[in-house]
Structure formats: structure tokens, C-alpha cells
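# A closer look at the structure
Here's the letter readout for the chains.
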Amino acid sequence: MFATRYQSAVPVLPIAPVQTPPDSQTGRQTGLDIPTEPVSWPVMLAGNAPVQQPVDPASKVSLHDERLPRLYYENFHVAHPILVPSSLYHDHNYPHFLQLAVHFVGSHYIASIPSQPYKEQVVAELKTNPDRSASMVQAWLLYSIALYARDEWAEAQDALSHSIDIALELGMNRWSFASSTTPERSLEAESMRRTWWELYVTDIFMAVPLKTTTFRCSTVPPEVALPCEESAYNCGGDIPKPRMIIEFKRRILAAEDTVFSSFSYRIEATTILCRVLVLNRLRDCHRDHLQAVENALVSWINHLPPKKLDIVDSYGNVDEMMFQAHLTIAYAAMLLHLPRSDLPSVLSQSQPDDRFWPGLTGQLSSTFTRLVHSIKATEASRRISDSISVCPNVSKHTPFIIPALALCGLIQLATSTSHSEECFDHHCNRVTLILGCLKSTQRTWKLAESLYHALRSSAAEVLSDSMEKWNAEPLHRFTPAATTPNDQDRPSTGANPVPVMPDGHDFMPPEFSPAFIDPTCYNASFFSAIPDFDMN
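Since we're looking at a predicted model, the values are computed, not measured.

### Section: the overall build of the chain
Of the regular secondary structure elements, the chain holds 19 helices and zero strands. For the chain, the proportion of its 536 residues judged to be buried stands at 51%. For the chain, contacts bridging at least 24 residues in sequence account for 75% of all contacts bridging at least 6. Accessible surface for the chain amounts to roughly 25100 Å². Of this, 54% is attributable to carbon and sulfur atoms.

Quick look at the structure:
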């Protein structure tokens, strides 16, 4: 039926059969109705109708490729878990238009095939299908996030608007919606709750580059129950009794730590980000407004239960929801403090992409000095780079973190211009880390490509002279002098002793330390509320 509907929508012109390789996916049986014979598809040329001409087998695409749902779940679903778990995807029998959206997203994770034909198919289906169901909300939502990651923001905003329109029309923002047709603790009801909250998160993140304060989902009463833990959702069984947002807010009054789902902390982190965006747009901002948001940022961290402080477990599994939550809080802190700091703009003159460099519309009003804001902005950027160094495969995270990474790199560049040359290598290493992550991610998402080039151009202008000077100087000039073996036999002169390990051995062979130990910017920040991640 899947193939029949596609063929009725787009006429297939007769093309000479093409021999497919043995491992071709076109004839393999899946949960969808896939023809067993090779299918030839029309060649889509930009600005032209399909024409009949020979097709290179390597350039052919199939909308029935069974790899695409698998790639969607392996790479995208974990960051935006609104559909049913992967084990239930085929049995769930999602509508044709939603399957097309899944295929479109999954196509970005295969470098050998173009994603544009998949986009054309899904947008044609979404715009002509009169369906006004929750599945259509999910399809438009997934499509909008993919467009955002493709750096097609106007279309992404339009797609998100379609999704929110239908969601509000259906009443998905109501507590009763999720359990109106299915039991409250069913997998389907949980998927509906997750869809609404994903709309909520997406609505806020998409407002960052547009620099607007038109938030549609966060302005309605928060009636929808909170999502459960990912482990409970992915097992495919009964869902625990949903908890309400008011319970989550009252946790700070509990005598003991009450642990909520990671998705819940992600929602609150995004809410704080929304407050920062609104604050930065105000023409008249009282210092108490600023302090209230700063208090929210610090309180979010201090009220985390111990098990939610880490983003990885002892097996190396990443808690993607907590990973996003931590990065969102650090991103919000950068957006709050950077425009109020004395850090200079380091945007490249050749590529002045200021979509993610925050600005203020009103007068500066603060309880802090500009220096303190600078320190807090730099500290937040350090948290971003530390987190991404733990989980550097950005393409497996939400594309919403890509702008946060770029801003992190820009702040490190700006900080390097005001700090002494002793810690130049420290900031350079962090910029190098961010550039590498963006460079690898640009193979998947075009947004990473544009921000990579913007950050690279800025880094080239800021760091080139310092790199040349750093390379010309002996490295030991910026490193404490090493103690030679003969010096160890001499009486102490009051100088700092060589660090030793508990077993009595030197921390590092002295002859290696000048060449292999980079100077640090600081050992610990007074302004950091988050302890270093415990990787033991």
C-alpha cells in the first residue's frame, strides 16, 4: 500500500530496468509493503519536471529504503523521542505522511544519497493531505526540526507553525487529550505528551536566531503531564503514572530529593532559556528581573538530585535528555551574560554571521559588573566544551545544540583576547575542539557547515598572530621550570616542591612536563555551580 500510494501521487515514467547490487535495499521485505522487483524513479532536476533519461544507479533513491527508519531511530529519535520506540515502529502502522517525514530525517545520515527528493515528497504530502490528527502534528514537527538543521529557517518556522496550529486545534495542550482515546498509562498517551512538550521545546529554540518573543506553546497553561524516564518508555510496556508540572515545581520544598524524569529537567531548562530570551528583548529591564533569571539558572543546578548531575553512566551510556538540559542551562547563561559583559565581538568581517551573537534592545541594568558578566559567560562556555568533549558525536544529539557550540567557540575566542598569553593554548584547545565537532557534523546538517565557516573565519582572524608568536617561543617559557635529577639532591630553597603521587613517584617525569603540559586558564572557578562531571 505504501508503494501504491506513492505511485499514484507521482507518475513513474518508463525507464530501462537498472541492475541493482546484491545488497540493494529495494527488494528486501520490511514491515512496509515494498515491491519485490526493482522500481525506477523519475529524475528530479531543479526547476524542471521529471524527464525520461538514463539514471546512474548510484544516484537513484528509493522512498522504501528500510535503512531510513533505522537511521532515524539510531541518530535522531534519542534526541527527540516522540514516536513509539523503534521495536514498535513498523507494527504501529503510522500514516503514510509521517513515514515520509521519518524517511526524510533518516536520509540525512546516509552520505551516498541526496535528501532533497525525500524533502519534495514529504512537503508535497503534508501540504495536500487534509488530515488534522496528532500524527500530522508529529510529521510537521519532525519536518520543521530537520529544516532548521538544514539552515532553512523560514520554511522551518512555517512548518512549526503548521504543527502548533493543529496541536492547539486538537487540544493537545490539555491534560485530558492524551487519555481521551487511550488509557493514561498507555504508550500512545505517553507519545502524545512527549509530542506536546517537544513542540514546547522546539518553539523556544527556534526563536533564538529569529530574535523574537513570539512563543505560542509556553503562553498556554501547563496542563500536560510530564514525560516518563526514557528507560520506561523504551521498554514498550505500561507507563508509570504521569506526574504533573506542579509536582515538579514543589520538589524544592520536599524534605528529601524527589527524582523526576530527565525529560522534566530538560523542559525546565528550556523554560529558563525562554526567560533569558524575553529579558534580552526588553527595552526597560530592571536589575531585579536580571537577578531573578540568574537565580533561576543557579537554582536549577543546585536542586538537581545527585543522579542527574552526570550525563553518562558507568557503561558509557549518555542520558541525552540530561545532556540537553545541562547544555541548555549553559547556553542560557551565555546568552544572558555575554551582551552585558566587556568581551569584544569577534565575528569575522568576511562572514559576520550574528544570528547567534546575542544583543540587547534596552539599557544595561545589572547587579554585576561587566567583568563578572564576562567571567560568567566564559564559565558557561567552558561547561559547554567540557560536556561536548564527553559526547563529541554531535550528529547524534539534537541539532539545537549546534548554535550553542558556535557561541561557545566565539566566547572562548573573545576571552583569549583579554587573558594573558600564558593561557592562550587553553582557549585555543577549546576552540579547536568546537571546530572539530562542527566540521564532522556539517556532513549531516548544513547549519553546522555555515556556523563552522563563521567560527573558523573568526578564529583565523583572532588566533593567527598569537599562534605564530606561540610557535616561535620556547614552550617552557610559559611552564614552571622542571626540576632536574641533580636538583633533587640539593637542599630545599623554599620553592614549591615537585608534586608527587600517593606512591611517592613524581606526578610527571620532569623532562617531559615542559613539552606536554599545557598551561591552564584557572584550576577552579569561584563562579561555577556545577561540579566537574564524575567520570569514575
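### A few points about unusual backbone geometry
Here the phi dihedral of Asn 93 falls at roughly 55 degrees; this positive angle occurs in a residue that is not glycine. With respect to the helices, strands and loops of the structure, Asn 93 is situated in the loop between helix H3 (89-92) and helix H4 (96-106). A relative accessible area of 60% means that Asn 93 is categorised as exposed. In this structure, Asp 151 takes a positive phi of about 70 degrees despite not being glycine. Examined against the element boundaries, Asp 151 turns out to sit in the loop between helix H6 (134-149) and helix H7 (153-170).

### Section: the packing of helix H12 (residues 262-281) against helix H14 (residues 320-337)
Orientation of H12 relative to H14, taken along the N-to-C sense of each, is 15 degrees, at an axis distance of 8 Å. Between H12 and H14, the angle falls in the class roughly parallel. Two packed elements cross with a definite hand, and for H12 against H14 that hand is left-handed. Contacts between H12 and H14 involve Ser 262, Phe 263, Tyr 265, Arg 266, Ala 269, Thr 270, Ile 272, Leu 273, Val 276, Leu 277, Leu 279 and Asn 280 from the former and Met 321, Met 322, Gln 324, Ala 325, Thr 328, Ile 329, Ala 332, Leu 335 and Leu 336 from the latter. Taken together, the residues of the contact of H12 with H14 break down into 15 nonpolar, five polar and one charged.

### Observations concerning the nonpolar core
Formed by 143 residues in total, the largest nonpolar core has its most connected members in Leu 83, Tyr 143, Leu 199, Trp 300, Tyr 331 and Leu 438. Apart from the residues lying within four places of it in its own chain, the contact partners of Tyr 331 are Phe 205, Val 208, Phe 356, Ile 384, Pro 403, Ala 404 and Leu 407.

### Some remarks on the packing of H4 against helix H5 (residues 116-128)
Closest axis-to-axis distance for the H4/H5 pair is 9 Å, and the angle between their directions is 155 degrees. By the angle between their axes, H4 is roughly antiparallel relative to H5. Crossing handedness for the pair H4 and H5: left-handed. Of the residues in H5, those touching H4 at His 96, Phe 97, Leu 100, Ala 101, His 103 and Phe 104 are Tyr 118, Lys 119, Gln 121, Val 122, Glu 125 and Leu 126. Its residues assigned to classes, the contact of H4 with H5 comprises seven nonpolar, three polar and two charged.

### Here we look at the pattern of salt bridges
If you walk through the whole model with that rule in mind, you get 17 salt bridges. Across the pair Glu 169 and Arg 132 runs a salt bridge whose closest N-O atoms are separated by 2.8 Å. Taken as a pair, Glu 169 in helix H7 and Arg 132 in the loop between H5 and H6 lie far apart in primary sequence, 37 residues in all. Across the pair Arg 194 and Glu 190 runs a salt bridge, and its minimum N-O distance is 2.9 Å. In this pair, Arg 194 and Glu 190 are both assigned in helix H8 (residues 187-205), four residues apart and thus about one turn of the helix distant. Residue Arg 194 is classed as buried on the basis of its relative accessible area of 0%.

### Considering the packing of aromatic side chains
Under the criterion given, the structure shown has 13 aromatic pairs. Considering the side-chain rings of Tyr 73 and Tyr 89, the 5.6 Å spacing of their centres and the 65 degrees angle between planes classify their relative orientation as edge-to-face. One end of the pair, Tyr 73, is in helix H2 (residues 67-77); the other, Tyr 89, is in helix H3, and 16 residues separate them in sequence. Assessed through its relative accessible area of 3%, Tyr 89 is described here as buried. Ring geometry for Trp 140 versus Tyr 143: centroids 6.1 Å apart, planes at 65 degrees, classification edge-to-face. One end of the pair is Trp 140 and the other is Tyr 143, both in helix H6 and three residues apart, which spans about a single turn. The two residues Trp 140 and Tyr 143 agree in class, both being buried. Through a chain of ring-to-ring contacts, the aromatic side chains of Tyr 72, Tyr 73, Phe 76, Tyr 89 and Tyr 94 assemble into a single cluster. One Lys or Arg, Arg 251, reaches over the ring of Phe 248 and ends 3.9 Å from the middle of that ring. Across the ring face of Phe 263, the terminal group of Arg 266 is positioned such that the distance to the ring centre comes to 5.0 Å.

Reading the values: the criteria
- Residues numbered from 1 in each chain as written.
- Predicted model: local features only at pLDDT ≥ 70, side-chain atom pairs only at ≥ 80, totals over all residues.
- Heavy atoms only, no water.
- Helix = DSSP H or I, 4+ residues; strand = E, 2+ residues; numbered from the N terminus.
- Buried < 20%, exposed > 50% of the residue type's maximum accessible area, 1.4 Å probe, protein only.
- Contact = heavy atoms within 4.5 Å.
- Areas by Shrake-Rupley, 256 points an atom, 1.4 Å probe, with all protein chains shown as cover.
- Axes fitted to C-alpha atoms, helices over the stretch in contact; angles between N-to-C directions.
- Parallel < 35°, antiparallel > 145°, perpendicular 65-115°, else oblique.
- Left-handed = near helix turned anticlockwise from the far one by under 90°.
- Nonpolar A, V, L, I, M, F, W, Y, C, P; charged D, E, K, R; others polar.
- Core = buried A, V, L, I, M, F, W, Y, C linked by side-chain atoms within 4.5 Å.
- Salt bridge = Lys/Arg side-chain N within 4 Å of Asp/Glu carboxyl O.
- Phe/Tyr/Trp six-rings, centres within 6.5 Å; stacked < 30°, edge-to-face > 60°.
- Lys NZ or Arg CZ within 6 Å of the ring centre and 35° of its normal.

All quantities given are derived from atomic positions and should not be read as evidence of function.
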